[in-house]
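# Observations on chain architecture
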Amino acid sequence: NYLNYTKMRSFLRVSKVSRQFNLNSIALMRNYGIRYTSSHEYITDDYKVGVSKYAKENLGKVIHCEIFPAVDDLVEAGESIGEIESSKASNEVYAPLEGNVKRVNAPEDDGIIDVDQINADPESKGWLFQYESVDEEKLNELMDENAYKEYLESLE
């Protein structure tokens, strides 16, 4: 009985470590962090797209934002997918990658985004739309946070 008990304890310990390793490996495979484009859009690990804090700060107070594609529409990388208007300027928003739209962050499903969310926190609550999925290799080619910071410094 003692031998069986010892084997079982050893198995459970190895099993627990193995399970933990597998879960951590899966989490690391998709942990890209936020990725950025040179036109100041971002995309998160769960494929939410919005305008960067830098873009929002340069635009000033956002007064209107509209996204053109609807759920299930296919958008191409670099395609103009909306407009964002502020007290200073009006800019187009571009799709960072190709993919099908899963959700639009519009309360009325009319493509009009709640600007209070963008003004409060553009890289969290202020996302514009979400992809169903994207090409992970293409996602990895976008700038990570450090590369984006370097890019912003080069603009000054």
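In this report, the structure presented in the accompanying data block is examined.

About the cut-offs
Residues numbered from 1 in each chain as written. Predicted model: local features only at pLDDT ≥ 70, side-chain atom pairs only at ≥ 80, totals over all residues. Heavy atoms only, no water. Helix = DSSP H or I, 4+ residues; strand = E, 2+ residues; numbered from the N terminus. Buried < 20%, exposed > 50% of the residue type's maximum accessible area, 1.4 Å probe, protein only. Contact = heavy atoms within 4.5 Å. Areas by Shrake-Rupley, 256 points an atom, 1.4 Å probe, with all protein chains shown as cover. Pairing = 2+ DSSP bridges. Axes fitted to C-alpha atoms, helices over the stretch in contact; angles between N-to-C directions. Phe/Tyr/Trp six-rings, centres within 6.5 Å; stacked < 30°, edge-to-face > 60°. Patch = residues over 30% accessible without salt bridge, like charges linked within 9 Å, V, L, I, M, F, W, Y side chains within 5 Å. Salt bridge = Lys/Arg side-chain N within 4 Å of Asp/Glu carboxyl O. Lys, Arg positive; Asp, Glu negative; His and termini not counted. Charge placed at Lys NZ, Arg CZ, Asp CG, Glu CD.

### A look at the overall build of the protein
Tallying secondary structure elements over the protein gives five helices and nine strands in all. In the protein, the succession of α and β elements from N to C terminus is α-β-β-β-α-β-β-β-β-β-α-β-α-α. Within the protein, the fraction of its 156 residues that count as buried is 35%. Long-range contacts, defined as pairs at least 24 residues apart, comprise 63% of the intrachain contacts of the protein with a sequence gap of at least 6. Carbon and sulfur atoms provide 49% of the accessible area of the protein, an area that totals close to 9800 Å².

### Description of the sheet that holds strand β7 (residues 90-94)
Hydrogen bonding along the main chain pairs the strands of a sheet, whether they run parallel or antiparallel. The three strands lie next to each other as β4-β6-β7, forming an open sheet whose pairing is antiparallel. Only two strands of the sheet have a single neighbouring strand rather than two, namely β4 (62-67) and β7. Across the sheet, the axes of successive neighbouring strands diverge by a mean angle of 20°, strand direction being ignored.

### Details of the packing of aromatic side chains
Inspection of the entire model under this criterion finds three aromatic pairs. A centroid spacing of 4.0 Å and a plane angle of 5° characterise the contact between Y36 and Y148, whose relative ring orientation is stacked. Of the two residues, Y36 sits in strand β1 (residues 35-36) while Y148 sits in helix α5 (residues 145-155), which places them 112 residues apart along the sequence. This pair shows no difference in class: Y36 is buried, exactly as Y148 is. Where F129 meets Y131, the ring centres are 5.0 Å apart and the plane angle is 75°; that geometry is what we call edge-to-face. Of the two residues, F129 and Y131, both sit in the buried class. Among the aromatic residues, those joined into a ring-pair cluster are Y36, Y148 and Y151.

### A look at a negative patch on the surface
On the surface, D72, D73, E76, E79, E98, E132, D135, E137 and E141 cluster together to form a negatively charged patch. As for its position among the elements, E79 is in the loop between β5 (74-75) and β6 (80-86). Accessibility expressed as a relative area gives 32% for E79, which makes it partly exposed.

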